[in-house]
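Residue-level structural notes
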Amino acid sequence: MDNVTDSLLDTYLFETNSLLEQLDELLINAEKNGDFTEDDVNEIFRSMHTIKGSSAMLEFNSLMEIAHHIEDLFFYIRENGTSSLNPQQKGELFNLMFKSEDRLREEVEKVENNEPLSVNIDSFIQEINNFLNKISNSGNAAQGEAKAAEELKNTDTPPFTSPEAAYCIRLFFDEGCGMENLRAFMLVTALKENGYTFTYSPQDIETDSGTSQSIINDGFFIGFSSKEEAEKASLLIAGSNNVHSYELIEKHEEEASPGSSAVQQNEAGTQKQADTPSPKNAAVHTAGKQNLISVNLAKLDSLMALVGEIVITESMVTSSPDLKGLKLDNFMKSARQLRKLTDDLQDISMSLRMVPVSGVFQKMNRIVRDMKKTLDKDVRLTLIGEDTELDKSIVDSISDPIMHIVRNSMDHGIEATREERIAAGKNPQGEIILSAVHTGNEIIISVKDDGQGVNPQKVLEKAQRNNFLSKPAEEYTKKEILSLLMEPGFSTNNEVTEYSGRGVGMDVVKKNIEAIGGVVSISSEEGEGTCTTLKIPLTLAIVDGMEISVGNSVYTVPISNIRQSFKASRDSIIFDDSGHEIIRCMDEFYPVVRLHDLYGIYDNVCTEIDDGILMWVEANDISYCLFVDQLLGEQQVVVKPLPGYLNNFSIKNYGVSGCTILGDGNISIILDIASIYSAVKNTY
Amino acid sequence: MTDTTHALTPQELIEGSEEAETSSPSESASTARFLTFVSGGLTFGVPTDQVIEIITNHNIRSLPLVPDYVRGIINLRGQILPIIDVRLRLGKPFQEYTSSTCIIILDIGADRIGIGVDSVSQVLTVDTAAASPIPLENRQKLATSMIATEEGKVVLLLDCNALTEP
């Protein structure tokens, strides 16, 4: 039972969250255009309706109430058209909607975290109602009249006038179960899914909550053309929730039998009519259901792991030492076929985890919009390359960093006033460009603003005041100065604001991005703007690696870290004053790091520079030469984390970042170039 | 396997048959089955429900910069497991791995680890209620209690958590 509720809850959360996301996007766009289109209004109405319905089913009352009142509000707007609102009211409506959306999100979050939902939402509901009253004041009288007329029609109890509903089921729901119209609608959908053709009354149950009352009073009528159908359907109805009682009514028996062709025709007509209120709705829903399913990420992870195993096992089989020297034409042919298939399998399973970054990008719209209001700056956000795809786990972890950067740009990137911008000869409206580009193995995401830029001198002075400098101030290059901005506790803004300036921004960004193997860099021209660039690997699970050997062990260096590999002679090595080796590459000097020294490998190892090979490696802004015995070749490897037990030892700080299984079943250790360097530096 | 454990003395045979009749659940409150192994001249026991499997002759990939008792990691059908040498963990001299050297894969809570031991002996059913704490002055690193078998041998009960503490 618990399992059922759990999966139901999962579905609910997924559905509600995606509806809220759609709503957010819709609101942003609508606000940009300054108005809701008819489609927008319908869309909001529909999504609120869905949220209301599913929340009611799971008894999340606060969510249901809020959605219910917004639905009422949009019901009014839909009836009267948005043109009935004056611009000021529209502005209020947008604010109210954003507020409601936040409120709904809060509640959903509480559901997610298993916290109790808010009980007291009356004041908020009141706010929505007040607004509704305000806008409906003018057209109230007419509205009231129409309603009265409608009610009159409803109480008339005319189940079906059309002759095809010869057999009619009249049912009542449990007293006081609430939302009778929705329950009726659920019943109608269930019947439709089971392939029954029927008419029902009242008709507009899905959209008009007023029909609840008539269902309570007079019952809900479902009309069938044949007795068999009606009987079968009554079984289904009997099994539905909250149905209190039902009865099968036969009538117009004599009328129904003659002129069957006319009846048939008529039926088609009414059927169509009955369907019309919701065709759009149905289309939207089925399209979503057919094309997408939501899968637990853990399942995809284990699929990926399994596919990784298959790739490894495949090469273990085909390059088995037992096959050496044998002429196996047919075997090799099948092996090639197998390789092709496993490659395809790997590609597809990788692509399963790929999602577009647009979800993250769209969120920024909202942030820019809110900050625009509070900071009173006129800024537009331009999104480029929204459909670029990234591994799901990476997308999740770049959301916060990007948000931080965008906030920074809004807060102290863009000039405080229009006048400042005009004086600087810029467009009075500021611009933030958020872009994603796919390049080979990496995604480059950049956040660019055309604001005031960074004054390197000021940054340097501040760093000096706060003792961030590790060498004389004159020696800092511009690139180094800008990377000071990412030091922990550094903030250029003199005042702390709601959004930024606490000095806990960029260092967290840097840490988060580095945690997923990415790199952050800042470039800026004073007066022209700042650009923060994130280089992020496409996926964490598979790395292009270079196999190297030191002594008897094999290590893997990620190809993306390697600049060049070369032989060097004893004479080209220079020593610094403390005896550390340095070598010159491309007119620059780089330290030499001997891996065997660092790892204490003594057996069977090359110690002479002439015998081994130097690998010029680079990570972030660190660059040095790694001395190893031999290059063994390039290979795509599946990264496996080290067993948790080994975290007791600080090997991660010494460049051992993970491991991988080679084609022959042996284990290779994947080196982290950046942490090797810091480990070596610590030993100096 | 109970055959091998319950060997020999007539007295014991009687006990054994009784045990079979009354069925183990009543006894299981205090009895448990232990896999015993020898390492560095000491006999240890580890509960069988923590033992996943015993492997021999596996290729161990050594790791840099770890204490010597961490022999390295192995690839057990795609799973990467760390190997701890019990001899070295006890501070005894290292013995080259031979064909009788075994790796016992243990399930310790969330982690799986392998322990390298000199040889695996047998599975014993012992009454844990009879286990006595090891005298403080003789305390072993990896065991907190010991138990005497019918054959007069003393089995130290391995404390798996102590094993993984650095």
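Basis of the calculations
Residues numbered from 1 in each chain as written. Chains lettered and ligands numbered in written order. Predicted model: local features only at pLDDT ≥ 70, side-chain atom pairs only at ≥ 80, totals over all residues. Helix = DSSP H or I, 4+ residues; strand = E, 2+ residues; numbered from the N terminus. Buried ≥ 20, exposed ≤ 12 C-beta atoms within 10 Å, placed from the backbone. Contact = placed C-beta atoms within 7 Å. Expected span 1.5 Å × (residues − 1). Nonpolar A, V, L, I, M, F, W, Y, C, P; charged D, E, K, R; others polar. Pairing = 2+ DSSP bridges. UniProt positions renumbered as here; feature names shortened; annotations may be inferred. Axes fitted to C-alpha atoms, helices over the stretch in contact; angles between N-to-C directions. Core = buried A, V, L, I, M, F, W, Y, C linked by C-beta atoms within 7 Å. Domains from an automatic or database assignment. pLDDT = per-residue confidence, 0-100. Parallel < 35°, antiparallel > 145°, perpendicular 65-115°, else oblique. Left-handed = near helix turned anticlockwise from the far one by under 90°.

**Details of the overall build of chain A**
- Counting its regular elements, chain A contains 22 helices and 22 strands.
- In chain A, which comprises 684 residues, the share counted as buried stands at 32%.

**Concerning the overall build of chain B**
- Counting secondary structure elements, chain B contains 5 helices and 11 strands.
- Buried positions account for 27% of the 166 residues belonging to chain B.
- A separation threshold of at least 6 residues defines the contact pool for chain B, and within that pool the share at least 24 residues apart is 53%.

**A closer look at helix H3 (residues 61-80) of chain A**
- Compared with an ideal rise of 1.5 Å per residue, which puts 20 residues at 28 Å, H3(A) spans 29 Å between its outermost C-alpha atoms and is within 8% of the ideal.
- A positive backbone phi angle near 80° is found at A:Gly81, which sits one or two residues after H3(A).

**Remarks on the environment of B:Asn57**
Residue and element names in this part refer to chain B.
- Position of Asn-57 among the secondary structure elements: in the loop between strand E3 (51-56) and strand E4 (70-76).
- Owing to 10 C-beta atoms within 10 Å, Asn-57 belongs among the exposed residues under this scheme.
- As for Asn-57 and Cys-102, which are separated by 45 residues in sequence, their C-alpha atoms are 7.5 Å apart.

**Some thoughts on the interface of chain A and chain B**
- Opposite the 20 residues of chain A that make contact, chain B presents 18 residues.
- Grouping the constituent residues of the side of chain A that touches chain B by class yields 12 nonpolar, 6 polar and 2 charged.

**A word on the pairing of strand E13 (residues 553-558) of chain A**
Residue and element names in this part refer to chain A.
- The buried fraction of E13 is high, at 5 of 6 residues.
- Where strand E12 (residues 542-550) meets E13, 6 bridges bridge the pair, whose relative direction is antiparallel. Its bridge partner being in E13, Ser-549 is matched across the sheet by Val-554.
- In this structure, the hairpin formed by E12 and E13 is closed by a connection of 2 residues, where Gly-551 is found at a positive phi of approximately 60°.
- Bridge count for E13 against strand E22 (residues 667-671) is 2 bridges, and the pairing is parallel. For Thr-556, the partnering residue across the bridge sits in E22 and is Ile-670.

**Some remarks on the UniProt feature "modified residue: Phosphohistidine" (unreviewed entry) in chain A**
- Per the UniProt entry, the sites bearing "modified residue: Phosphohistidine" (unreviewed entry) are A:His49 in this numbering.
- By the secondary structure assignment, A:His49 is in helix H2 (residues 38-57).

**Quick look at the sheet that holds E3(B)**
Residues and elements named next belong to chain B.
- Sheet architecture is open: 5 strands sit in the order E3-E6-E7-E5-E4, paired in mixed fashion. With partners counted over all chains shown, the strands left at the sheet margins are E3 and E4, one partner each. Averaged over all pairs of adjacent strands, the angle between strand axes in this sheet comes to 30°, irrespective of strand direction.
- Inspection of the sheet shows strand E6 (residues 102-108) paired to strand E7 (residues 111-117) by 7 bridges, in the antiparallel sense. The residue bridging Asp-107 from the neighbouring strand is Arg-112, located in E7.

**Some thoughts on the nonpolar core**
- In terms of nonpolar packing, the biggest core is built from 76 residues, with A:Val557, A:Val593, A:Cys625, A:Leu626 and B:Ile115 touching the most fellow members.
- Counting contributing residues, this core receives three or more from each of domain 3 (297-347) and domain 5 (542-683) of chain A.
- Residue contacts for A:Val557: discarding those within four places in its chain leaves A:Gly545, A:Met546, A:Ile548, A:Ile562, A:Met615, A:Val617, A:Leu671 and A:Ile673.

**Let's talk about the confidence of the model for chain A**
Residue and element names in this part refer to chain A.
- On average, residues of chain A score 77 in pLDDT, and 81% of them reach the 70 mark or higher.
- The secondary structure element of chain A with the lowest average pLDDT is helix H11 (residues 260-275), at 41, and the one with the highest is E13, at 92.
- A low-confidence stretch, residues 140-163 (pLDDT under 50), is modelled with 22 contacts involving residues beyond four sequence positions or located in other chains.
- Under a pLDDT of 50 for its full length, residues 252-289 has, in the predicted model, 28 contacts with residues more than four places off or in other chains.

**Looking at the confidence of the model for chain B**
All names here are of chain B.
- In this model, chain B carries an average pLDDT of 78, and 80% of its residues clear a pLDDT of 70 or more.
- The least confident element of chain B, judged by mean pLDDT, is helix H1 (residues 2-5) at 38; the most confident is E6 at 91.
- Ignoring residues within four places in sequence, the model shows residues 1-27, a span with pLDDT below 50, making 13 contacts including any to other chains.
- Predicted complex metrics record ipTM = 0.77 and pTM = 0.51.

**Description of the packing of helix H15 (residues 358-375) of chain A against helix H16 (residues 392-413) of chain A**
Residue and element names in this part refer to chain A.
- Here H15 crosses H16 at 25°, and the two axes come no closer than 10 Å. Taken together, the axes of H15 and H16 lie roughly parallel to each other. Crossing handedness for the pair H15 and H16: right-handed. Between H15 and H16, the residues in contact are Gly-359, Val-360, Lys-363, Met-364, Ile-367, Val-368, Met-371 and Leu-375 and Val-395, Ile-398, Ser-399, Ile-402, Met-403, Val-406, Arg-407, Met-410 and Asp-411, respectively.
- Taken together, the residues that form the contact of H15 with H16 break down as 12 nonpolar, 2 polar and 3 charged.

**Description of the sheet that holds strand E8 (residues 430-439) of chain A**
Residues and elements named next belong to chain A.
- Strand order in the open sheet formed by 5 strands is E6-E8-E9-E11-E10, with mixed pairing between adjacent strands. Strands at the two margins of the open sheet, each flanked by one partner only, are strand E6 (379-384) and strand E10 (519-525). Neighbour to neighbour, the strand axes of the sheet diverge by 15° on average, direction disregarded.
- Packing of H16 onto the sheet brings it into contact with E6, E8, strand E9 (442-449) and strand E11 (529-537), and relative to E9 it is tilted by some 20°.

**Points about the packing of H3(A) against helix H4 (residues 87-112) of chain A**
All names here are of chain A.
- Taken N-terminus to C-terminus, the directions of H3 and H4 make an angle of 160°; their axes are 10 Å apart at the nearest point. Judged by the inter-axis angle, H3 sits roughly antiparallel to H4. Of the two possible hands of crossing, H3 and H4 adopt the one that is left-handed. Listed contacts from H4 to Ser-62, Leu-63, Ile-66 and Ile-70 of H3 are Ser-100, Arg-103, Leu-104 and Glu-107.

**Description of the pairing of E9(A)**
- Here E8(A) runs beside E9(A); their pairing, made up of 8 bridges, is antiparallel. Residue pairing for E9(A): A:Val437 is matched across the bridge by A:Ile444.

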